[in-house]
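# Reading the structure
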Amino acid sequence: MSDLYHTLANSPFSGKLFSMLGLPQPVNLERWKADSQSFIEGDVLVGCAPNSLFLDAVAQQFVGSDATVNFAIEAGNRDFMVSAFEAAGVSAVASNVTESKKYKGLVFDASGIQTSDELIELHRFFHPVIRKMKTSGRIVVIGLTPELCESSKQHTAMRALEGFVRSMGKEVKKGVAVQLVYASSTAAASSLAGPIRFFLSPKAAYVSAQVIRVGEADAVGSDFDWNQPLAGKTALVTGAARGIGKSIAETLSRDGAKVIVLDIPQVEIELEQTAASVSGTAFVGDVTAADTPQRLVELFKGEFSGVDIVVHNAGVTRDKTLGGMPSKLWNMVIDINLSSEERINDALLEAGVINQGGRIIGVSSMAGIAGNFGQTNYACSKAGVVGMVNSLAQPLKEKGITINAVAPGFIETQMTAAIPVTIREVGRRLNSMSQGGKPVDVAEGIAFFASPAASGVTGNTMRVCGQSLLGA
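The numbers attached to residues start from 1 for each chain and follow its sequence in the written order. Given that this is a predicted model, residues contribute local features only at a pLDDT of at least 70 and side-chain atom pairs are listed and counted only at 80 or more, while totals for whole chains, interfaces and linings are drawn from all residues. The side-chain values count all of the structure's non-hydrogen atoms but skip hydrogen atoms and water molecules.

## What to know about the pairing of strand 5 (residues 133–144)
Short version of the rule: Burial status follows relative accessibility: with a 1.4 Å probe on protein chains alone, a residue under 20% of its type maximum counts as buried, one over 50% as exposed, and anything between as partly exposed. Helix numbering and strand numbering both begin at the N terminus, where a helix is a DSSP run of H or I of at least 4 residues and a strand a DSSP run of E of at least 2. At least two bridges found by DSSP between two strands is the condition for calling them paired. Handedness rule for crossovers: strands pointing away from the viewer, path from the first strand over the helix to the second running clockwise, crossover right-handed.
Most of strand 5 is tucked away: ten of the twelve residues are buried. With six bridges joining them, strand 4 (residues 103–109) and strand 5 adopt parallel strand pairing. If you follow Val107 over to strand 5, its bridge partner there is Val140. A crossover connection joins strand 4 to the parallel strand 5 through helix 5 (residues 120–126); in handedness this β-α-β unit is right-handed. Relative to strand 6 (residues 177–183), strand 5 is paired through seven bridges, and the arrangement is parallel.

## Examining the sheet that holds strand 8 (residues 234–238)
As a reminder, the rule being used: Axes here refer to lines fitted to C-alpha atoms; in helices the fit is confined to the stretch in contact. Angles between the N-to-C directions go from 0 to 180 degrees. Here, residues are in contact when the closest pair of their heavy atoms is within 4.5 Å.
Across the sheet, which stays open at both edges, the seven strands sit in the order 10-9-8-11-12-13-14 with parallel pairing between neighbours. With partners counted over all chains shown, the strands left at the sheet margins are strand 10 (281–284) and strand 14 (461–464), one partner each. The sheet shows a mean angle of 20° between the axes of neighbouring strands, taken without regard to direction. Note: strand 9 (residues 258–263) against strand 10, four bridges, orientation parallel. Its bridge partner being in strand 10, Ile260 is matched across the sheet by Thr281. Against the sheet, helix 8 (residues 243–254) contacts strand 8, strand 9 and strand 11 (307–312), and its axis sits at roughly 170° relative to strand 8.

## Comments concerning the pattern of salt bridges
Pairing of side chains with opposite charge becomes possible as their charged atoms draw close. Selection criterion: Between Lys or Arg on one side and Asp or Glu on the other, a salt bridge is scored when a side-chain nitrogen of the former is within 4 Å of a carboxyl oxygen of the latter.
Inspection of every chain in the model, using the stated rule, returns twelve salt bridges. Between Glu162 and Arg166 there is a salt bridge, with its nearest N and O atoms 3.3 Å apart. Placement of the pair is Glu162 and Arg166 together in helix 6 (residues 152–171), with a separation of four residues, close to one helical turn. For Glu162, a relative accessible area of 7% corresponds to the buried category.

## Structural notes on the nonpolar core
What counts, and what does not: Throughout, nonpolar core names a set of buried Ala, Val, Leu, Ile, Met, Phe, Trp, Tyr and Cys residues whose side chains join them through atoms within 4.5 Å.
Counting 103 residues, the largest nonpolar core has Phe62 and Leu252 as the members making the most contacts within it. Considering each element in turn, this core owes the most residues, seven residues, to helix 16 (residues 439–450). Setting aside residues no more than four positions away along its own chain, Leu252 makes contact with Leu230, Ala235, Val237, Ala257, Val259, Val311, Ala447 and Ala450. Of all hydrophobic cores here, the second largest spans 34 residues; its members include Phe283, Val287, Val310 and Ile360.

## Here's the deal with helix 13 (residues 376–397)
So the rule is basically this: Any helix carries an expected span of 1.5 Å times its number of residues minus one. Bend is computed residue by residue as the angle between axes fitted to the seven residues ending at the residue and the seven residues starting at it.
For helix 13, spanning 22 residues, the distance from its first C-alpha to its last is 32 Å, which sits close to the expected 32 Å at 1.5 Å a residue. At Ser391, helix 13 shows its largest bend, some 30°, and a proline, Pro395, comes one to four positions later. Those residues of helix 13 that fall on the buried side of the exposure criterion are Asn377, Tyr378, Ala379, Ser381, Lys382, Val385, Val386, Met388, Val389, Ala393 and Leu396. In this structure, the buried residues of helix 13 make contact with helix 11 (327–351), strand 12 (354–363), helix 12 (366–370), strand 13 (402–408) and strand 14.

## Some points on the sheet that holds strand 2 (residues 66–72)
Taking strand neighbours across the sheet as the criterion, the seven strands line up as 3-2-1-4-5-6-7 in an open arrangement whose pairing is parallel. Each having just a single partner strand, strand 3 (92–95) and strand 7 (210–214) make up the two edges of the open sheet. Strand-to-strand, the axes of this sheet are offset by a mean angle of 25°, without reference to chain direction. In the packing of helix 6 onto the sheet, contacts are made with strand 5, strand 6 and strand 7, and the angle to strand 6 comes to roughly 165°.

Okay, structure coming up:
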């Protein structure tokens, strides 16, 4: 659905009026294009606190990219940075940050910060350049996972990064996205490659102020194809006939996966069309049906050599305040949005048809994080998805399987188009991007979690909400 406010805010005449009145001016977000060759283009400024651990890993991501890597002339640890760039085979430019140069990306390794006093390193790096970001720029801060820090003071300092990143995300505007990646002190470049590249790329257009925890990861190899990361993989997407589910199927197919799309008999024609558009397979079935889990097991035991990616997207809303909600509406929403996912997971895992290195990805919601009026059933189910991710992360890790979730905010779909106009406008503006997201924004987040380059990422719930002003 078109966003008239967004259109007017970006027109030459009315845009000036919006600026004079101090009204939000959502920009046209830069999203991934099929002909994109590099995950980021333009000038990227890289910095680090003294004794930081991940600069080598950061430098390696720019090998062969179209970015121009810069470091500040004034940096106190200049020699350390130059050595890291040279070791990675990356030519870096010494830049005077007081000049008028604009940056497409800022990357800061904060892992060397030991105490709260040393948080001044954040100000030293960002203060001179934060107003020099290009539209749809990207900012990534890397720190040590607080729970794994050796001292309470460093734990405190690392946890402080979250408040810094989330506040910065609300200040930068212009479609700039800001993220925080936590990693263990032993994390290798292979662990950080996927998150760094995703967060610096246009694929993270509607993701901002997110915190991702990264553990040990399998190396993807120097011949890994970043444009076809899912080549040879088989993916199942439920609720895939239209909307977000269709976009997920298209994005996974774009990245090389063979996709099985599942939806109910009532939308079989649309499901067949989606399957045809991705050269995939249509599976007609209700996720709540008693025989669906076993039918899926038989499918993956027979026609396919197991399944590599399971995306639980099927979901419904049946809104009423709790006092007026009949039990059938409560049960329907919980069963479709949550219980069916547990049953399917149980069946696939018990049968051993999820392959080594498999991915399970749930679709939660901002309602599951912040709650929503008239949606006790829906919010309950979507919070349950987060609980499922948290509870299964460690047991599945032992099987070589990761589990994560995305939590969409206001996404432009047929469902949100039916919302009354006033509520719809509020939903669009109450985020740092001042606009609704697109189904592809959710799909890109899922494709990131599905990638072999995200093997160190498990137990995370990533909000795809433009940094909604509601929720944590």
